[in-house]
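Fold and contact review
As a plain string of letters, each chain reads:
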Amino acid sequence: MELGAQAYQQKKAAVEQVGWGRGGGEDLSLGRGLAHAAAEAAAAAASAADPRAGREQFARQISQFRRSLEARRAADPGARLAEGRREVAEEMARQAAAAAAAAAAAAAAAAAEEEEEEEEEEETSVEVVEIEEESSSVEIVEVEEESSVEVIEREEESEEEEGEQEESQEEFEEEEEEEEGEAPAPLGGIQLIAPRGDWQPTEAQLRRFRQVTKLGDQAEVLLIPNKGTELIRKHFNTLAEKQWLNDEIINAYMILLQVRDTVLREAGVGAPRCHFFNTFFMSKLLQLLKPPPKQGTYCYAEVQGWTKTPRLRAAGQASAEEGLLGLDYIIVPVHYQSHWTCAVVDLRRKAIVFLDSLDYGNARALMALRRWVADEARDKLKQKWDTAHWRVLTPKVKLQRNSCDCGVFALLFANRVALNRGFDFRQDDVTLWGRVRVANEILDQKIYDHEVGPWP
Amino acid sequence: MADDTTGETKPQPKQEGAVINLVVKDQSGAEVHFKVKTHTKLEKVINAYCAKKSIVPSTVRFVFDGTRVNPNSSPEDLGMDDGDSIDVFQEQVGGRRP
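Residues numbered from 1 in each chain as written. Chains lettered and ligands numbered in written order. Predicted model: local features only at pLDDT ≥ 70, side-chain atom pairs only at ≥ 80, totals over all residues. Heavy atoms only, no water.

**A short note on the overall build of chain B**
For clarity, the cut-off: Where helices and strands are cited, they refer to DSSP runs of H or I of at least four residues and of E of at least two residues respectively, numbered from the N terminus. Remark: exposure states derive from per-residue accessible area (1.4 Å probe, protein chains only) relative to the maximum for the residue type, with buried under 20%, exposed over 50%, and partly exposed in between. Should any heavy atoms of two residues lie within 4.5 Å, those residues are counted as being in contact. Only the protein chains shown count as covering a residue, and every accessible area follows the Shrake-Rupley method with a 1.4 Å probe.
The secondary structure content of chain B amounts to one helix and six strands. For chain B, buried positions account for 46% of its 98 residues. Intrachain contacts of chain B at a sequence separation of at least 6 include 59% that bridge at least 24 residues. Carbon and sulfur atoms provide 49% of the accessible area of chain B, an area that totals close to 5000 Å².

Right, dumping it as structure tokens:
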């Protein structure tokens, strides 16, 4: 009886996980986590039948499955990445599906056990273990094969989606043509999309990336940076494919960009002089985290102290004594409703530029920045700047084709703007390679690119 | 608010063992007051705050006028004055708008 009740509970949990697994197929951003959860549930369900054999069996299968994925990746990374976002997504889905199938098999086994257990007790439990070992391992293989066939089919089917992509690609191209004739104003509305660069990481970088993004002890300290606070596995895990970046990663990267800014200034290569705020700046300026009615309302006093010399020095600003308004760009990572974007104050051309990989827009943040420039001038320079006439620009940089990579896009936007370079990456480069790059740059504590672009 | 002169260019360090008041504010406006010596590591403040609020330190960020508070630094290192406040931010994650 006791065993029956336990098996029932496990089955229930497994069934729930299967349901999530299915959801994972639809919402691919959760694929990775769900696959893991489903696998765990499967193992748990199996262990209800026979604690040790069941768990070992499923652990074997999952690791086998992972190995085969890794092997496929290693064998042909170029082709795989060329396939792009969909391929990766499908891989995730497949993983989730396999795990879910395993959970289902385990649940079935548990259910069978539960039913039979009412009649006979000891003998059946042995029998169930045998059935489970054979049938479920076969099933996993089947699922994998089936779904890889499915991938091919789906690729053909998904012409619709591809058509959409092409359309938006055309949009870019159209814009390029449109804008080419205009006066050079780098962030002032000309197209920012540059030819694709080389984003392929080295084997070593990829290995390192896998190491820090794999699941494990979340509190494990992986990096104690020269500046800023220590970074633990939990933070690096947000860089794993399909995961949402957290503020620690964004801020760690902003610190590195500020360091590069100092290096570039010393090198005297004519790079724009920049300041990089952290993710809390906009939250504070707009009091986003305060309860209503203050929430979302502009308040300069909240950040008045942020730009005083000692604070700018602490932020790594090379010309802290001069304040910020003599610089070329002030770059502000913006977090709003689970979406990362990058806002730029273009001080030379008197514009606020919003770089949004999904093109949702955030007028409030842009208006706030414009107002902040005026308040900052009044407070620090004792000058009256009429910023009401500054342009607010939202160039079309809608490069993101999924629902998880906006953080990476925001970082790469900031990276390229600070070099006066166009955006030489596409979704396919960002899906994995962009993440590998960012993780390695943080681990190495330096930004790899120093070459300044062609903009005036 | 900190004066420009209170940064690294401070003429002489504050008296050894001088005590200042610090206010830790979360974004809902709740405040917790601490009395600390200027050379005490702020780790103590962070831990005491997290214990009082029953929160895991890795889920919140302590920020003083834009500067992330490193647990190993002291109020003196950060140029904090009596009555200064530290903001507590919740972790932010993002992938897209929901």
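**Notes on the overall build of chain A**
Broken down by element type, chain A carries 15 helices and eight strands. Going through the 456 residues of chain A one by one, you find that 55% of them count as buried. Across chain A, every contact between residues at least 6 apart in sequence was considered, and the portion connecting residues at least 24 apart equals 69%.

**Considerations on the pattern of salt bridges**
Stated precisely, the cut-off is as follows: Any carboxyl oxygen of Asp or Glu within 4 Å of a side-chain nitrogen of Lys or Arg constitutes a salt bridge here.
Taken as a whole, this structure holds 26 salt bridges over all chains when the rule is applied. For D346 of chain A, the salt bridge goes to R349 of chain A, with nearest N and O atoms at 3.0 Å. Residue R349 of chain A is classed as partly exposed on the basis of its relative accessible area, which comes to 21%. R61 of chain B serves as the salt-bridge partner of E91 of chain B, at 3.5 Å between the closest nitrogen and oxygen. Of the two residues, E91 of chain B sits in the loop between strand 5 (85–90) and strand 6 (93–94) while R61 of chain B sits in strand 3 (residues 60–64), which places them 30 residues apart along the sequence. Looking at E91 of chain B, the relative accessible area reads 27%, which means it is partly exposed. Taking relative accessible area as the criterion, R61 of chain B reaches 1% and is therefore assigned buried.

**Structural notes on helix 8 (residues 203–213) of chain A**
Residue and element names in this part refer to chain A. For clarity, the threshold we go by: Throughout, the arc means that of the directions going from the helix axis to the C-beta atoms.
Along helix 8, the residues that are buried comprise F209, V212 and T213. Axial view of helix 8: buried residues confined to an arc of 90°, hence all on one face. Turned more than 90 degrees away from the buried face of helix 8 sit E203 and R207, all of them exposed.

**Looking at helix 15 (residues 427–444) of chain A**
Residues and elements named next belong to chain A. Where we set the bar: Each residue after the first adds 1.5 Å to the expected span of a helix.
Helix length check: helix 15, at 18 residues, gives a terminal C-alpha distance of 24 Å against a target of 26 Å (1.5 Å per residue), a fit within 8%. Among the 18 residues that make up helix 15, 16 are buried, leaving the element largely enclosed by the rest of the structure. Of the residues trailing helix 15, Q445 is marked for its positive phi of about 60°.

**A look at the sheet that holds strand 6 (residues 339–346) of chain A**
Residues and elements named next belong to chain A. Worth spelling out the cut-off: Strands were regarded as paired on the criterion that DSSP finds at least two bridges between them. Simply put, an axis is a line fit to the C-alpha atoms, just over the touching stretch for a helix, and the angle between two N-to-C directions goes from 0 to 180 degrees.
The five strands are arranged 4-5-6-7-8 in an open sheet whose pairing can be described as mixed. For this open sheet the edge positions go to strand 4 (274–276) and strand 8 (391–393), each flanked by a neighbour on one side alone. Sheet twist, expressed as the average angle between the axes of neighbouring strands with direction ignored, equals 20°. In the sheet, strand 5 (residues 329–336) pairs with strand 6 via eight bridges, with the strands oriented antiparallel. Across the sheet, residue Y336 finds its bridge partner in strand 6, namely H339. Seen against the sheet, helix 10 (residues 247–267) touches strand 4, strand 5 and strand 6 and runs at an angle of roughly 160° to strand 4.

**Here we look at the interface of chain A and chain B**
Condition: Note on definitions: buried area is the accessible-area loss of two parts on being combined, 1.4 Å probe, summed for both.
Between chain A and chain B, the contact holds 41 residues from the first and 32 residues from the second. Here chain A and chain B share an interface that buries about 3200 Å² over both sides, 50% of which is from carbon and sulfur atoms. Per-residue buried area on chain A facing chain B is highest for F280, L289 and R311 of chain A; these three make up 19% of the total on that side. Run the count over chain A and chain B and you get five salt bridges.

**Quick look at the nonpolar core**
This is how it is decided: Remark: nonpolar core denotes a set of buried residues (Ala, Val, Leu, Ile, Met, Phe, Trp, Tyr, Cys) joined through side-chain atoms within 4.5 Å.
Within the largest apolar cluster, 51 residues are counted, with the highest numbers of intra-cluster contacts made by I331, L355 and I442 of chain A. Where this core is concerned, the elements lending two or more residues are helix 8, helix 10, strand 4, strand 5, strand 6, strand 7 (351–355), helix 14 (406–417) and helix 15 of chain A. Among the elements that make up this core, the one with the highest residue count is helix 14 of chain A (nine residues). The contact partners of I442 of chain A, leaving out residues within four places of it in the chain, are L223, L231, F236, I249, A252, Y253 and L256 of chain A. Core analysis: the second largest hydrophobic core is formed by 34 residues, F281, A320 and I330 of chain A together with V63 of chain B among them.

**Comments concerning the packing of aromatic side chains**
All names here are of chain A. Operational definition: Stacked, edge-to-face and tilted labels apply to pairs of Phe, Tyr and Trp rings (six-membered ring for Trp) whose centres lie within 6.5 Å, assigned for plane angles under 30 degrees, over 60, and everything in between, in that order.
According to the stated counting rule, one finds 14 aromatic pairs over all chains in the structure shown. Arranged with centres 5.6 Å apart and planes meeting at 90°, the rings of W199 and F425 form a pair that is edge-to-face. Remark: F425 occurs in the loop between helix 14 and helix 15 and W199 occurs in the loop between helix 7 (159–180) and helix 8; sequence separation between them is 226 residues. Across the pair, F425 and W199 agree in class, each one buried. On the basis of an interplanar angle of 35° and a centroid distance of 5.8 Å, the ring pair of F423 and F425 is categorised as tilted. Per residue, the accessibility class of F423 equals that of F425, and both read buried. The rings of W199, F409, F413, F423 and F425 are connected pair by pair, giving a single aromatic cluster.

**Let's talk about the pairing of strand 3 of chain B**
All names here are of chain B. Across the five residues of strand 3, five count as buried, placing the element largely inside the fold. The two faces of strand 3 match: V60, F62 and F64 on one face and R61 and V63 on the other face are all buried. Note: strand 3 against strand 5, four bridges, orientation antiparallel. From the neighbouring strand, F62 faces strand 5, where its bridge partner is V88. The turn linking strand 3 back onto strand 4 (residues 67–68) is made up of two residues, and D65 within it adopts a positive phi angle of 45°.

**Thoughts on the confidence of the model for chain A**
All names here are of chain A. Counted only if it meets this: pLDDT runs from 0 to 100 and stands for how confident the predictor is about each residue.
Averaged over chain A, the pLDDT score is 72; the fraction of residues at 70 or greater is 58%. Scored below 50 in pLDDT, residues 10–51 makes 74 contacts in the model with residues more than four places away or belonging to other chains. Predicted confidence for residues 113–185 stays below pLDDT 50, and this span has 78 contacts to residues more than four positions away or in other chains.

**Thoughts on the confidence of the model for chain B**
All names here are of chain B. Scored by pLDDT, chain B has a mean of 84; 82% of the residues are at 70 or more. Low pLDDT, under 50, characterises residues 1–11; the predicted model gives this stretch 20 contacts beyond four residues in sequence or across chains. Confidence metrics for the complex model read pTM 0.66 and ipTM 0.83.

**Regarding the sheet that holds strand 4 of chain B**
All names here are of chain B. Across the sheet, five strands lie side by side as 2-1-5-3-4; this open sheet has mixed pairing. Of all the strands in the sheet, the pair left with one neighbour each is strand 2 (31–37) and strand 4. Set on the sheet, helix 1 (residues 43–53) makes contact with strand 1 (19–26), strand 2, strand 3 and strand 5; between it and strand 2 the angle comes to about 150°.

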